[in-house]
Amino acid sequence: MKSVQKKIVGLLKVLAMIVAGVLLGAILITLAYCIPVNQTNAQKSIDSLEGEGWYPSATQLKSSLDTYFHSYLPGVLDGATDGLMLEKATRQIEGNPLWEAMNMEGYTYYWHGYVVILRVLLLFMDYEQFRFLNCILQLMMMFFVAHFIWEKKGQRYALALLTSYFLMMPMAMFLSLQFSWIFYIAMALSLLICYRHTWFTEKRIPYIFVIAGMLTSFLDLLTYPLYTWAFPLLLLILLSEDGQKALNYVKTVVVSGLGWILGYAGMWFGKWALAGWIVHRNVIQEAWKEVLFRSGSEESLNLIARLEALYDNWKHYEYPLYTALLAIWLTWFIYKSLNGKTQIVRQEKNGAYFFIFVCMVFCVGKSYSGTSLFYISYLGGGNYRHFIPVLRKHCHM
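What you are looking at is a predicted structure, and each value in this text was computed from that prediction instead of being measured. (Residues numbered from 1 in each chain as written. Predicted model: local features only at pLDDT ≥ 70, side-chain atom pairs only at ≥ 80, totals over all residues. Heavy atoms only, no water.)

Peer 1: So what's going on with the side chain of Asp82? Residues and values would help.
Peer 2: Topologically, Asp82 is positioned in helix H4 (residues 79–89). Arg131 provides the closest opposite charge to the buried, unpaired Asp82, separated from it by 5.1 Å. At 2.9 Å, the side chain of Asp82 forms a polar contact with the backbone nitrogen of Gln178. When neighbours within four sequence positions are excluded, Asp82 is seen to be in contact with Leu49, Tyr127, Leu175, Ser176, Leu177 and Gln178. (Helix = DSSP H or I, 4+ residues; strand = E, 2+ residues; numbered from the N terminus. Buried < 20%, exposed > 50% of the residue type's maximum accessible area, 1.4 Å probe, protein only. Lys, Arg positive; Asp, Glu negative; His and termini not counted. Salt bridge = Lys/Arg side-chain N within 4 Å of Asp/Glu carboxyl O. Polar contact = N/O pair within 3.5 Å; in protein donor to acceptor, adjacent residues only side chain to side chain. Contact = heavy atoms within 4.5 Å.)

Peer 1: How would you sum up the pattern of salt bridges? Please name residues and give values.
Peer 2: Oppositely charged side chains may form a pair once their charged atoms are brought near each other. A full pass over the atoms with the stated rule returns six salt bridges. Here Glu286 and Arg281 are joined by a salt bridge, their closest N and O atoms 3.0 Å apart. Taking the relative accessible area as the measure of exposure, Glu286 reaches 29% and is therefore partly exposed. Bridged by salt links that share partners, the residues Arg91, Glu100 and Glu105 form one connected network.

Peer 1: Account for a nonpolar patch on the surface, naming residues and giving values.
Peer 2: A surface patch of nonpolar side chains, about 730 Å² in accessible area, is lined by Val4, Ile8, Leu12, Leu15, Val19, Leu23, Ile27 and Leu31. Residue placement: Leu15 occurs in helix H1 (residues 2–32). By relative accessible area, Leu15 is classed as partly exposed at 47%. (Patch = residues over 30% accessible without salt bridge, like charges linked within 9 Å, V, L, I, M, F, W, Y side chains within 5 Å. Areas by Shrake-Rupley, 256 points an atom, 1.4 Å probe, with all protein chains shown as cover.)

Peer 1: Explain the packing of helix H8 (residues 155–167) against helix H16 (residues 320–338) to me, and be specific about the residues and the numbers.
Peer 2: Closest axis-to-axis distance for the H8/H16 pair is 10 Å, and the angle between their directions is 160°. The angle between the axes of H8 and H16 places the two elements in the roughly antiparallel class. The crossing of H8 and H16 is left-handed. Listed contacts from H16 to Arg156, Leu159, Ala160, Thr163, Phe166 and Leu167 of H8 are Tyr322, Leu325, Trp329 and Trp332. Its residues assigned to classes, the contact of H8 with H16 shows eight nonpolar, one polar and one charged. (Axes fitted to C-alpha atoms, helices over the stretch in contact; angles between N-to-C directions. Parallel < 35°, antiparallel > 145°, perpendicular 65-115°, else oblique. Left-handed = near helix turned anticlockwise from the far one by under 90°. Nonpolar A, V, L, I, M, F, W, Y, C, P; charged D, E, K, R; others polar.)

Structure (structure tokens):
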């Protein structure tokens, strides 16, 4: 009876967190729209994007939609969505800022929480200057996470971390608004896990991942959202004490995943309900049609089509540099095995690592239809990050 009561109390706490998050999100965007626009920085930013085109490569900042959008090459920027973000962040608000914050002219079902950050930053810098700041912040965050892993778990894990980071094409994330928000959420949570690991108790983990899911829904425009669950969770398990039962690690995966889903879905639904009430439209119906479209449900995708989605995900690794990185890891693995300096070690954590990896692969095949393949290389980079520990051996570098 007490366990049932605890679960009910826990669900009520999650519901209260979601309601508070929805109200806070609406307030923050409304307040952001009360801030005046720096027209000089706004115009410079728009001019920069127009000069690059919709979908340029990070290594060639001028191209057309047909050149790169369906090329599956790494480093393709989403200039079209960055332009949308800048347009939302630099709008001149003449009417009710709350109504404008909830309506968002054709994109009502998204939160557009990035407006809160961009509206303030654009007072002091333009798009190009933001890219420079983006580069510094992302490199610093990755450095601190990698340094911590190197100190606590050794160079093998740090090198695996950096390899997977390279597979996500950092240069593209430096230059893109669209691809940056998920990275910041995941790295911020990862830094908390690294430097305040003892704070992540069994009771707190679900609520922490509820917040991660809510932030993902608030800031992201459906790029690679699962990354904010999977990567911090991988670090959490990696840094947890050894010797626990395998079931305990799997339980952490399930509980954190449920928390993340509740926060993510709850924040979405909260926006739809609140926006519908404020703008006097059936936003829930509009959003549900978009959900069916994005998930491929309206396309009646069969098993073959799902497998093709997985293939398109891994197709990015046909890029020579990516293939070389994977080849180096496999060569080292084979060399150590043949050299007799390694032995296979069974660890209870490996089941949890593999479970996370399977969840990521399943979600790519199940949810990422042809309309979303533009973003899955980043999710694929996260997949590789979970695959390395599954094959890990106990050996000396």
